[in-house]
Amino acid sequence: MFRTEALGARTEELIRVGRFFFERGWVPATAGNFSARLDAHHVVLTASGRHKGELDAEGFLVVTPEGQVLPPGGKPSAETALHLLLYRREPQLGAVLHTHSRPATLLSRLSPQGVVLEGYEVQKALPGVDSHTARVEVPVFPNDQDIPRLAARVEDFLRGHPATCGYLIEGHGLYTWGRTVAEARRHVEAFEFLFECELDLRRLTR
Ligand SMILES: [Zn+2]
């Protein structure tokens, strides 16, 4: 069984992430979901329908990477499968964060073929990017209420593009991850900043 200290610590981090993201408008209504690894066999994940700006210790569930809910009967977020596929493929993965921000929603609709980020200093906050001249390709998947089907599509893409550090779902939002909650949060901040820049740039240079 997982250590309760780990559960308390990760839950606390995710509660803080929820407040921070809500204040910035990245998880409106009850949108978004967050998870963090407790150990090799357990992941803590936000429960379905909880407001992410007002999370407390009751707003989480523990699941196995295979999707079994502990204790049984709890209702995890609808998009659980999109989190768990990432934990299964990467043993070092510590957290997955999903936002529904306005920039991510709009940009994914404007660029359903994928978003390319290039020329921004802030892109160096993303893993494996060491220069503003690097070309960061963010895939955009069509939105789908059939989550297992969407998860299969994402998993298939990541197999062919293992360096991907985040993706968009069209008209929906961003998924990104990291080795720790803090690292995943930094990736969200970088992506959200870059998406805003990209939207403004398109507006201003049209
Ligand atoms: Zn979502």
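Residues numbered from 1 in each chain as written. Predicted model: local features only at pLDDT ≥ 70, side-chain atom pairs only at ≥ 80, totals over all residues. Heavy atoms only, no water.

## A short note on the overall build of the protein
Looking only at helices and strands, the protein has five helices and ten strands in total. Taken over C-alpha atoms, the radius of gyration comes to 16 Å for the protein, in line with the 17 Å a tight globule of 206 residues would show. Its C-alpha atoms give the protein principal-axis dimensions of about 55 × 35 × 30 Å. Of all 206 residues assigned to the protein, the portion counted as buried reaches 50%. Element-wise, carbon and sulfur atoms account for 52% of the exposed surface of the protein, whose accessible area totals about 10100 Å². Here the protein contributes 24 positive and 26 negative side-chain charges, whose respective centroids are spaced 2 Å apart. (Helix = DSSP H or I, 4+ residues; strand = E, 2+ residues; numbered from the N terminus. Rg over C-alpha atoms; globule rule 2.2 N^0.38 Å. Buried < 20%, exposed > 50% of the residue type's maximum accessible area, 1.4 Å probe, protein only. Areas by Shrake-Rupley, 256 points an atom, 1.4 Å probe, with all protein chains shown as cover. Lys, Arg positive; Asp, Glu negative; His and termini not counted. Charge placed at Lys NZ, Arg CZ, Asp CG, Glu CD.)

## Structural notes on the sheet that holds strand β10 (residues 173-178)
What links the strands of a sheet is backbone hydrogen bonding, and the strands pair in either a parallel or an antiparallel sense. Read from one edge to the other, the open sheet built from eight strands follows the order β4-β3-β2-β1-β5-β10-β9-β8, with strand pairing classed as mixed. Where the open sheet ends on each side, the last strands, each with one partner, are β4 (69-70) and β8 (140-141). Sheet topology places strand β2 (residues 42-46) next to strand β3 (residues 60-63); four bridges connect them, and they run antiparallel. Residue pairing across strands places Leu45 opposite Leu61, the latter belonging to β3. Along the sheet face, helix α1 (residues 4-23) touches β1 (33-39), β2, β3 and β5 (95-99) and points at about 160° away from the line of β1. (Pairing = 2+ DSSP bridges. Contact = heavy atoms within 4.5 Å. Axes fitted to C-alpha atoms, helices over the stretch in contact; angles between N-to-C directions.)

## Section: the UniProt feature "domain: Class II aldolase/adducin N-terminal" (unreviewed entry) in the protein
Under the feature "domain: Class II aldolase/adducin N-terminal" (unreviewed entry), the UniProt entry names residues 12-199. Summarising residues 12-199: 34% helix, 22% strand, and an end-to-end C-alpha distance of 33 Å. (UniProt positions renumbered as here; feature names shortened; annotations may be inferred.)

## Focus on the environment of Tyr167
Relative to the elements of secondary structure, Tyr167 occurs in strand β9 (residues 166-169). Judged by relative accessible area, which is 1%, Tyr167 ranks as buried. Sequence separation of Tyr167 and Glu137 is 30 residues, and the distance between their C-alpha atoms is 8.9 Å.

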